[in-house]
Amino acid sequence: GVLRTRVLDDPADPAIPPLRILMHGTTIHGAQIAAPILSRQPLTYYNPRTALGEAILAGLSTGDTSSLALIGLGAGSTACLLRPDDQLTIFEIDPAVVFMATSGQHFRFVPTCAPDAGILLGDGRLLLAREPAGQFDLLIIDAFGSDTIPFHLATREAFRLYTEKLTANGVILMHISNRFIDLEPVVSRLAV
């Protein structure tokens, strides 16, 4: 799909700050309120009060600091769930997504909340394979869209790789919502 940013605002009411939305085809891959006081607040799936946001916060709270790996960047809102000493490594295949999420021209989550994040451009599974074993406390796989399903990220071999890269108490989170395919049975069979 086409990658684009939509800006929603109400010129008639300047008290309502603009909302930026990252669209990839028909899928929303993140949103951010443009007002500085609210710009660090993750929205959509990654809001701290959603199941995914709560799971990320729980995964990051297992120690004083955590190391998080993210396959699929989106708007970068996950960065604002980190604590100051947590480390973030991002694996993203699309250079346009990296630009939109990190340049500060479209979204400011990564530049504001995790400016030192490591960003590796390419296929997340192949790049993750090069990382040391036992490195990550939390691994989030969020590279699925409504019209693109990278199935090589949801295989037995992929899950063995993910497990190898986790610390002893590490957690894998896979965002599987999709309009067309029910990924839950596939992933639940692999996670056992």
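Okay, so let's go over this structure. (Residues numbered from 1 in each chain as written. Predicted model: local features only at pLDDT ≥ 70, side-chain atom pairs only at ≥ 80, totals over all residues. Heavy atoms only, no water.)

## Some points on the pairing of strand E7 (residues 136-141)
In terms of burial, E7 is a largely internal element, six of the six residues being buried. As defined by bridge partners, strand E4 (residues 67-71) adjoins E7 across four bridges and the pair is classed as parallel. Opposite Ile71, over in E7, you have Ile141 as the bridge partner. Note: E7 against strand E8 (residues 166-174), five bridges, orientation parallel. Looking at E8, one finds that Leu138 is bridged to Val171. (Buried < 20%, exposed > 50% of the residue type's maximum accessible area, 1.4 Å probe, protein only. Helix = DSSP H or I, 4+ residues; strand = E, 2+ residues; numbered from the N terminus. Pairing = 2+ DSSP bridges.)

## Structural notes on the nonpolar core
Ile56, Leu68, Leu73, Leu88 and Ile140 are the most contacted members of the largest nonpolar core, which has 28 residues in total. Counting residues per element, the ones that place at least two in this core are helix H1 (51-60), E4, strand E5 (87-92), helix H2 (95-102), helix H3 (109-113) and E7. No other element matches H2, which puts four residues into this core. Not counting the four nearest positions on each side in its chain, Ile140 is found in contact with Tyr46, Ile56, Leu68, Ala69, Leu70, Ile71, Thr78 and Leu173. (Core = buried A, V, L, I, M, F, W, Y, C linked by side-chain atoms within 4.5 Å. Contact = heavy atoms within 4.5 Å.)

## A closer look at the state of the cysteines
Here the structure, examined in full by the defined rule, presents one disulfide. Here Cys80 pairs with Cys113 through a disulfide, and the sulfurs are 2.0 Å apart. In this structure the cystine formed by Cys80 and Cys113 twists about its S-S bond by roughly 85°; its chirality is therefore right-handed. Linking Cys80 in the loop between E4 and E5 with Cys113 in helix H3, this pair joins segments that are 33 residues apart in sequence. (Disulfide = S-S within 2.5 Å.)

## Examining the pattern of salt bridges
Following the criterion strictly, the structure yields three salt bridges and no others. One salt bridge in this structure joins Glu164 and Lys165, with 3.2 Å as the shortest N-O distance. Glu164 sits in the partly exposed class, given a relative accessible area of 44%. The buried category is assigned to Lys165, whose relative accessible area is 3%. (Salt bridge = Lys/Arg side-chain N within 4 Å of Asp/Glu carboxyl O.)

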